[in-house]
Amino acid sequence: MASNSTTMGSLPSGVGICATIPDILYLPELVFGGLVWILVACTLVVPANPQGWVMFVSVFCFVLTFIWMVVFACGGHHNKSSWAAADFVYHGIAAFFYLSASVSLARVTLTMAEGQNFQNYQLDISAVVFSYVATLLYFIHTILSAIRWKSF
C-alpha cells in the first residue's frame, strides 16, 4: 500500500540543539561574536562611528542569538513552521549585519596601519578575522535554516 504522507521537518528542543544542523552553530556564533565584541571594546580608534556600528552588531547578535538559543532549548517554538521561517530571517539579517560590520572594521583597520599604536592594530586585525568568521557562520546557518524551513 502506498503512503501519501510526506516527511515534515522538525525543530529541535532541549539538548537536541547541540546535535542538529544548523542549531549546532549557535555556540560558535556566540564564541566568535563575543570575541569580536571583546576585541573591539579593547581598542581605541579615532573614527568611532564604524567601531560603534561593529559594537552594536556584535552585542545585538550576541544577545539575540543567546535568547534564540534559549527559546529553542526550552522548546518555546512548539515545532511550528513560523519559527523555522523566523530562524531563517533572523540569521539572514545577522549575516548581513555582520558582513557590513566586517567590511567597515576592515576599512578602519587598513587606515590604522600607518598609526602609532601597534597593539590596537593587532587587536583590530584579530577582530576583523573573527568578524568574518562570525559572518560565515551566520551565513551557513541562514542557508541551512532555509533548507529546514522548506522541509516544513
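Residues numbered from 1 in each chain as written. Predicted model: local features only at pLDDT ≥ 70, side-chain atom pairs only at ≥ 80, totals over all residues. Heavy atoms only, no water.

S.K.: What should I look at first to understand the packing of helix α3 (residues 81–112) against helix α4 (residues 118–150) in this one?
M.R.: At their nearest, the axes of α3 and α4 sit 8 Å apart, and the two run at 160° to each other. Viewed along their axes, α3 and α4 adopt a mutual orientation that is roughly antiparallel. Pair α3 / α4 crosses with left-handed handedness. Residues of the contact of α3 with α4, tallied by class, amount to 24 nonpolar, eleven polar and three charged. (Axes fitted to C-alpha atoms, helices over the stretch in contact; angles between N-to-C directions. Helix = DSSP H or I, 4+ residues; strand = E, 2+ residues; numbered from the N terminus. Parallel < 35°, antiparallel > 145°, perpendicular 65-115°, else oblique. Left-handed = near helix turned anticlockwise from the far one by under 90°. Nonpolar A, V, L, I, M, F, W, Y, C, P; charged D, E, K, R; others polar.)

S.K.: For this particular structure, what's the right way to read helix α1 (residues 26–41)?
M.R.: Since there are 3.6 residues in each turn of an α-helix, residues three or four apart along the chain are aligned in direction. Here α1 spans 22 Å end to end across 16 residues, near enough to the 22 Å set by a 1.5 Å rise per residue. Where α1 is concerned, the buried positions are Y26, E29, L30, G33, G34, V36, L39 and V40. (Expected span 1.5 Å × (residues − 1). Buried < 20%, exposed > 50% of the residue type's maximum accessible area, 1.4 Å probe, protein only.)

S.K.: What is the right way to look at the packing of aromatic side chains in this model?
M.R.: What characterises a pair of aromatic rings is the spacing of the ring centres plus the angle enclosed by the ring planes. What the rule picks out here adds up to 14 aromatic pairs. Grouping aromatic residues by their ring pairs yields a cluster made of Y26, W68, F72, W83 and Y90. The residue whose ring lies beneath K150 is W149, and the NZ or CZ to ring-centre distance is 4.4 Å. (Phe/Tyr/Trp six-rings, centres within 6.5 Å; stacked < 30°, edge-to-face > 60°. Lys NZ or Arg CZ within 6 Å of the ring centre and 35° of its normal.)

S.K.: Got a minute to help me understand the side chain of H91 in this structure?
M.R.: One can find H91 in helix α3. Judged by its relative accessible area of 0%, H91 falls in the buried class. The residues touching H91, leaving out its near neighbours within four places in the chain, are Y26, E29, W68, Y138, H141 and T142. (Contact = heavy atoms within 4.5 Å.)

S.K.: Is there a simple way to explain the pattern of salt bridges in this structure?
M.R.: Throughout the structure, instances matching the rule amount to two salt bridges. Here D87 and R148 are joined by a salt bridge, their closest N and O atoms 2.6 Å apart. One end of the pair, D87, is in helix α3; the other, R148, is in helix α4, and 61 residues separate them in sequence. Judged by its relative accessible area of 0%, D87 is buried. When salt bridges that share partners are traced, they join D23, D87 and R148 into one network. (Salt bridge = Lys/Arg side-chain N within 4 Å of Asp/Glu carboxyl O.)

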